[in-house]
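Summary of structural features
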Amino acid sequence: MKQLGPIPAGYEAVDGVLAIAGKPVTHWVDQAGMTPLFLYSADHVRQRVADLRAAMPERLALHYAVKANPFPQLLSLMTQLVDGFDIASGGELEIVRGAGVPLDAVSFAGPGKRDSELEAAIRAGVTLNLESEGEAARAIAIAERLGVTPRLAVRVNPDFDLKGSGMKMGGGAKPFGVDAERVPALVRTIRESGAEWRGFHIFAGSQALDAEAIADTQAQALALAAKLAEDSGAPLPHCNLGSPISRETPRSTCRWWAKSWRSSSPACLTCLRRRRSA
């Protein structure tokens with residue numbers, strides 16, 4: 001059961017009633033005309049993103065996972081706050097398109113992509129995070145038929161997982177990504193096809209609240225990305241580090257994780273920077 005406690009920071013009470021944006025929820029119910037309803041505070045969203053940016057290294061770009069909440073007005077707000085968006089289906093591609101999200105800032109991960117989804121993503125200029133050699137072959141063939149240069153990255157199935165995570169996406173046989181030992185050969189195939197090489201996507205787990213475990217896993221992911229870039233003989237333009245943080249993650253966990261990330265990862269970042277400039 002979720003723990004209950006005092007009103008979270010940023011909220012208040014007015015005459016004993018929870019208030020959001022300075023007005024009691026009864027005001028917002030009257031505005032909506034019915035219940036139940038979802039109420040989002042743009043000020044709170046802006047502040048959470050600002051807090052994370054302030055804590056993390058400046059060169060780290062932030063992406064928003066559309067699956068977290070695809071509400072169109074929220075996505076429109078997020079285009080002002082983050083550097084990119086991650087999607088996991090053709091349906092989500094249409095949602096971000098409708099919300100005015102710049103499609104060249106979108107990456108598409110997830111096993112089981114249909115040919116129609118691959119084609120739509122390639123036409124839109126979305127980065128495809130490839131989950132297998134078979135998906136890579138299909139994407140390259142579709143791009144050749146369209147006469148378009150696809151933007152391709154490889155999702156890596158790491159040999160480690162995120163300790164204590166509710167959903168483990170690494171550390172053994174998983175439906176997500178290409179096993180690390182097979183990645184260099186696939187990268188060479190992608191580059192030889194003439195596709196735009198976009199880098200790696202590494203996501204070891206989600207639903208985690210242990211800041212130390214998160215920081216340790218991200219450091220391992222950076223080290224793995226550097227090694228795979230070296231073994232592939234390819235520069236690494238981007239490394240999408242799937243993050244387990246969400247709206248449920250306490251601010252204290254985010255701050256501790258960010259501090260640990262800064263202190264535990266500089267050597268890996270330096271290696272990645274060298275590979276990128278090679």
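Attention in this report is confined to the structure presented alongside it. (Residues numbered from 1 in each chain as written. Predicted model: local features only at pLDDT ≥ 70, side-chain atom pairs only at ≥ 80, totals over all residues. Heavy atoms only, no water.)

Attention now goes to the overall build of the protein chain. The helix and strand tally for the protein chain stands at 10 helices and 13 strands. When each of the 278 residues of the protein chain is scored for burial, the buried share is 45%. A sequence separation of at least 24 residues applies to 59% of the contacts in the protein chain between residues at least 6 apart. When the accessible area of the protein chain is evaluated, it comes to approximately 14600 Å², of which 54% is carbon and sulfur surface. (Helix = DSSP H or I, 4+ residues; strand = E, 2+ residues; numbered from the N terminus. Buried < 20%, exposed > 50% of the residue type's maximum accessible area, 1.4 Å probe, protein only. Contact = heavy atoms within 4.5 Å. Areas by Shrake-Rupley, 256 points an atom, 1.4 Å probe, with all protein chains shown as cover.)

It is worth spelling out the sheet that holds strand E1 (residues 12-14) at this point. Strand order in the open sheet formed by three strands is E1-E2-E3, with antiparallel pairing between adjacent strands. This sheet does not close on itself; its edge strands, each paired only once, are E1 and strand E3 (23-24). Where strand E2 (residues 17-20) meets E3, two bridges bridge the pair, whose relative direction is antiparallel. Looking across to E3, one finds that Ala19 is bridged to Pro24. (Pairing = 2+ DSSP bridges.)

Looking at soluble globular proteins, one finds that nonpolar side chains tend to be buried together. Grouped together as the largest cluster of nonpolar side chains are 57 residues, with contacts concentrated most on Met78, Phe85, Val96, Leu128, Val154 and Phe200. Dropping the residues within four chain positions of it, Phe85 is found in contact with His63, Tyr64, Val66, Leu75, Met78, Thr79, Val101, Ala105, Val106 and Ser107. (Core = buried A, V, L, I, M, F, W, Y, C linked by side-chain atoms within 4.5 Å.)

Here we come to unusual backbone geometry. Here Thr35 and Pro36 are connected by a cis peptide whose omega angle stands at -5 degrees. At Ala21, a position not held by glycine, the phi torsion is positive, near 55 degrees. Mapped onto the elements of the fold, Ala21 is located in the loop between E2 and E3.

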